[in-house]
Amino acid sequence: MYYSLGDLLWVFLLVLVGWYFWAGMAAKELARRAAASHCHQLGVQLLDDTVVLVRTRPRRNRRGQLALQRQYEFEFTSTGERRYSGMAVLHGNRVEQLQLSPHHLA
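Residues numbered from 1 in each chain as written. Predicted model: local features only at pLDDT ≥ 70, side-chain atom pairs only at ≥ 80, totals over all residues. Heavy atoms only, no water.

Engineer: Would you mind showing me how to read the pattern of salt bridges here?
Structural biologist: Side chains that differ in sign of charge can pair as their charged atoms come close. Counting across every chain of the model gives 6 salt bridges. A salt bridge links glutamate 29 to arginine 32, with the shortest nitrogen-to-oxygen separation between them at 2.7 Å. Of this pair, glutamate 29 and arginine 32 both sit in helix 1 (residues 5-42), 3 residues apart, which is roughly one turn of that helix. The residue arginine 94 makes a salt bridge to glutamate 96 at a minimum N-O spacing of 3.8 Å. (Salt bridge = Lys/Arg side-chain N within 4 Å of Asp/Glu carboxyl O. Helix = DSSP H or I, 4+ residues; strand = E, 2+ residues; numbered from the N terminus.)

Given below as structure tokens:
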């Protein structure tokens, strides 16, 4: 049985899309765990126990290799009354930045 170049292209695209979603789920879980840990260390509560993907773009790392940079946003509270926003940036499989907006202390 022979496959045409078009068939192989569709299989490749299907595998690429599957990899993107699988890697995206792993990155989202890494960002969620990093945000939860950071919030716990600062004595604030991560709300909804989730992060939301805001931006994905290809960027070069320190060694010059191309990797995906993903930016996630999340919400937290310090007093239980107001919601504040935070941001987590992943470059490949490494947490590059965790940032919380200014908030009231309990």
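From this point, things continue past the structure.
Engineer: It is not clear to me how the layout of surface pockets should be interpreted in this structure. Could you clarify?
Structural biologist: Empty space among the atoms can be located by rolling a probe the size of a water molecule over them. Quantified by volume, the largest pocket comes out at close to 160 Å³. Taken together, Trp19, Trp22, Ala23, Ala26, Ala67, Leu68, Arg70, Gly92 and Asn93 make up the full set of residues lining the largest pocket. The set of elements that each furnish at least two residues to the lining of the largest pocket consists of helix 1 and strand 3 (66-77). Grouping the amino acids of the lining of the largest pocket by side-chain chemistry returns 6 nonpolar, 2 polar and 1 charged. (1 Å grid on protein atoms, 1.4 Å probe; cavity = no way out; pocket = protein on both sides within 12 Å on 5 of 7 lines; lining within 4 Å. Points joined across faces, edges and corners; volume = space filled by probe spheres on them. Nonpolar A, V, L, I, M, F, W, Y, C, P; charged D, E, K, R; others polar.)

Engineer: I keep staring at unusual backbone geometry and nothing clicks. Help me out?
Structural biologist: Across the chain, the bulk of peptide bonds are trans and the bulk of non-glycine residues have phi less than zero. Of note, the phi angle at aspartate 48 is positive, near 65°, even though the residue is not glycine. Mapping aspartate 48 onto the fold places it in the loop between strand 1 (45-46) and strand 2 (52-60). With a relative accessible area of 55%, aspartate 48 lands in the exposed category. Unlike most non-glycine residues, aspartate 49 shows phi in positive territory, near 50°. Following the sequence through the fold, aspartate 49 ends up in the loop between strand 1 and strand 2. (Buried < 20%, exposed > 50% of the residue type's maximum accessible area, 1.4 Å probe, protein only.)

Engineer: Any chance you could explain the pairing of strand 3 here in plain terms?
Structural biologist: Side-chain direction in a regular strand flips from residue to residue, so the side chains alternate between the two faces of the sheet. As paired elements, strand 1 and strand 3 share 2 bridges and run antiparallel to each other. If you follow leucine 46 over to strand 3, its bridge partner there is phenylalanine 76. Taking the residues between adjacent antiparallel strands as the criterion, strand 2 and strand 3 are bridged by 5 residues, where glycine 64 takes a positive phi near 90°. Pairing analysis gives 8 bridges linking strand 3 to strand 4 (residues 84-91), with the strands arranged antiparallel. In the strand pairing of strand 4, phenylalanine 74 is matched with glycine 86. Here strand 3 folds back onto strand 4, and the loop between the two strands holds 6 residues, one of which, glycine 80, carries a positive phi near 90°. (Pairing = 2+ DSSP bridges.)

Nothing here speaks to function; it is geometry throughout.
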